[in-house]
Amino acid sequence: MSLSEPTKAPATPLPAATLERFAKEVAKYPADQKQSAVMACLSIVQQEQGWVSMQAEAEIAAYLGMAPIAVHEVTTFYNMYNQQPVGKYKLNVCTNLPCQLRNGQTALEHLCSKLGVEDGGTTADGLFTVAKCECLGACADAPVMLVNDRQMLSYMQPEKLDELVALIRAEAGKAA
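Residues numbered from 1 in each chain as written. Predicted model: local features only at pLDDT ≥ 70, side-chain atom pairs only at ≥ 80, totals over all residues. Heavy atoms only, no water.

Engineer: Just to check I follow, could you spell out the overall build of the chain for this structure?
Structural biologist: Tallying secondary structure elements over the chain gives seven helices and four strands in all. Going residue by residue from the N terminus, the α and β elements of the chain occur as α-α-α-α-β-α-α-β-β-β-α. Projecting the C-alpha coordinates of the chain onto the three principal axes gives extents of approximately 50 × 35 × 30 Å. The proportion of buried residues among the 176 residues of the chain is 41%. Positive and negative charge centroids in the chain, built from 14 and 19 side chains respectively, lie 5 Å apart. (Helix = DSSP H or I, 4+ residues; strand = E, 2+ residues; numbered from the N terminus. Buried < 20%, exposed > 50% of the residue type's maximum accessible area, 1.4 Å probe, protein only. Lys, Arg positive; Asp, Glu negative; His and termini not counted. Charge placed at Lys NZ, Arg CZ, Asp CG, Glu CD.)

Here you go:
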């Protein structure tokens, strides 16, 4: 499976609680502009399920009264939406030109090698997913990465990447 082919989820409808959360987001917009809540609805699904399936996209489209392809275009445009299940820790490494000039690709390759995965892959234990990403807007701190779409890390040379992996594994071991 490639990242360009989204994984299909079982055809189960979104729970009523999810639809209630959608309604709160839609209420923020004029009635004739409820499609403006598409990103919020995608984020809700991802928070609840960990990723956005094609089935969820279709349900969001139906709820918002828009074409399923329009929702899919949003999902695929932004790398913050997971189109397949991901590990507990999603590690996105910037490989755009400024990061590339400061070893962004090297950082990505080091991380993939250390974890035994390819770009876009998830470790067998489900702990890590590693993928390249588009510009994170911190070019002066390159190479940069984003952890779980929330925490930006700068100057991620191989030694710092090794420390990060060890720290996460240690924390995951404590939680087990």
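Engineer: Help me understand the sheet that holds strand S4 (residues 151–153), please; the structure alone is not making it clear to me.
Structural biologist: Neighbouring strands of a sheet are bound in pairs by backbone hydrogen bonds; such pairs are parallel or else antiparallel. Taking strand neighbours across the sheet as the criterion, the four strands line up as S2-S1-S3-S4 in an open arrangement whose pairing is mixed. Edge positions in the open sheet fall to strand S2 (128–133) and S4, since each of these has one partner strand only. Taken pair by pair, the neighbouring strands of this sheet meet at an average axis angle of 25 degrees, ignoring direction. The pairing of strand S1 (residues 89–94) with strand S3 (residues 145–147) spans three bridges and is classified as antiparallel. Counted as the bridge partner of Asn92 is Leu146 from S3. (Pairing = 2+ DSSP bridges. Axes fitted to C-alpha atoms, helices over the stretch in contact; angles between N-to-C directions.)

Engineer: Is there a simple way to explain the packing of aromatic side chains in this structure?
Structural biologist: When we look at a pair of aromatic rings, we describe it by the centre distance and by the angle of the planes. Scanning all chains against the criterion turns up four aromatic pairs. Where Phe77 meets Tyr78, the ring centres are 4.8 Å apart and the plane angle is 85 degrees; that geometry is what we call edge-to-face. Considering the side-chain rings of Tyr89 and Phe128, the 6.3 Å spacing of their centres and the 40 degrees angle between planes classify their relative orientation as tilted. Remark: Phe128 occurs in strand S2 and Tyr89 occurs in strand S1; sequence separation between them is 39 residues. The class of Tyr89 is buried, set by a relative accessible area of 18%. (Phe/Tyr/Trp six-rings, centres within 6.5 Å; stacked < 30°, edge-to-face > 60°.)

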